[in-house]
Amino acid sequence: MIKRELLFSKMKPQDYEEMIAFLGKKMEEQGYVKPSYTSAVLEREKGFPTGLQMGDYGIAIPHTDREHVYQSALAIATLASPIEVRSMINPEDKVQVSLVILMAVEDPDGQVKMLSKLMGLFQDVETLKRLEQASSVEEMYTIVSKMALENV
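What this report covers is the structure whose coordinates are included nearby. (Residues numbered from 1 in each chain as written. Predicted model: local features only at pLDDT ≥ 70, side-chain atom pairs only at ≥ 80, totals over all residues. Heavy atoms only, no water.)

### Here we look at the overall build of the protein chain
Okay, step 1: Check the secondary structure of the protein chain and you find 5 helices and 5 strands.
Okay, step 2: From first element to last, N terminus to C terminus, the protein chain shows the α and β order β-α-α-β-β-β-β-α-α-α.
Okay, step 3: Expressed as a percentage of the 152 residues in the protein chain, the buried residues total 47%.
Okay, step 4: Partitioning the contacts of the protein chain with sequence separation of at least 6, the portion at a separation of at least 24 is 71%. (Helix = DSSP H or I, 4+ residues; strand = E, 2+ residues; numbered from the N terminus. Buried < 20%, exposed > 50% of the residue type's maximum accessible area, 1.4 Å probe, protein only. Contact = heavy atoms within 4.5 Å.)

### Describing the packing of aromatic side chains
Okay, step 1: Counted by the stated rule, this structure contains 1 aromatic pair.
Okay, step 2: Measuring from centroid to centroid gives 5.0 Å for F8 and F22, while their planes differ by 80°, and the two rings are edge-to-face. With F8 in strand β1 (residues 2-11) and F22 in helix α1 (residues 16-29), the pair connects residues that are 14 residues apart, well separated along the chain.
Okay, step 3: Using a relative accessible area of 12% as the deciding quantity, one classes F8 as buried.
Okay, step 4: Seen from the ring of Y141, R4 lies directly overhead, with NZ or CZ sitting 3.8 Å from the centre. (Phe/Tyr/Trp six-rings, centres within 6.5 Å; stacked < 30°, edge-to-face > 60°. Lys NZ or Arg CZ within 6 Å of the ring centre and 35° of its normal.)

### Concerning the sheet that holds strand β4 (residues 73-86)
Okay, step 1: The strand order β1-β4-β5-β3-β2 describes an open sheet built from 5 strands, whose pairing is mixed. The open sheet is flanked by β1 and β2 (51-54), the only strands paired with a single partner. The mean angle between the axes of side-by-side strands here comes to 25°, regardless of whether they run parallel or antiparallel.
Okay, step 2: Note: strand β3 (residues 57-60) against strand β5 (residues 94-104), 2 bridges, orientation parallel. Counted as the bridge partner of A60 is V100 from β5.
Okay, step 3: On top of the sheet, helix α2 (residues 37-47) reaches β4 and β5; it is set at about 140° to β5, its chief contact.
Okay, step 4: Of the strands in this sheet, β1, β2, β3, β4 and β5 are in contact with helix α4 (residues 125-133), which crosses β3 at around 75°. (Pairing = 2+ DSSP bridges. Axes fitted to C-alpha atoms, helices over the stretch in contact; angles between N-to-C directions.)

### Considering the nonpolar core
Okay, step 1: Membership of the largest hydrophobic core comes to 25 residues, with the highest contact counts inside it found for M19, L23, M27 and Y37.
Okay, step 2: Counting residues per element, the ones that place at least two in this core are β1, α1, α2, β4 and β5.
Okay, step 3: By residue number, the principal contributor to this core is β4, which donates 6 residues.
Okay, step 4: Each residue touching M19, except ones within four places of it in the same chain, is listed here: M11, P13, A77, L79, I83 and V100.
Okay, step 5: Counting 18 residues, the second largest nonpolar core, distinct from the first, contains I76, V105, L131 and M140. (Core = buried A, V, L, I, M, F, W, Y, C linked by side-chain atoms within 4.5 Å.)

What follows is the structure, encoded as structure tokens:
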């Protein structure tokens, strides 16, 4: 599910919605999601935000229902500067996010499994820092691929 063409380094979105729209458009262009996907993710975020504080590090894992997905994939972006996202734990709280993982899961049981796997991957704050500091998509791909292999 990790594809080089869906990895983006040091992005500079104006806000979270712009980041989701960019990543969603890239997934749509690659044929992973339906045209309805991005708006469905943005709508879901209103009621069920996905910002998570992992130690000193903030990540977001936006996603939506499988009816908007053709094929499972992850789009991953590191940010040049953190953006504010509402917390998954307490939507009243804000999380400063430096990593966004847009998740598209086609398998009905896959979403919970994938979220669980991602949470396991990103428990290691040192790895999150290395990912954030990656200077290229190739470096990101190496880090993320290694994390995925270690956690299979």
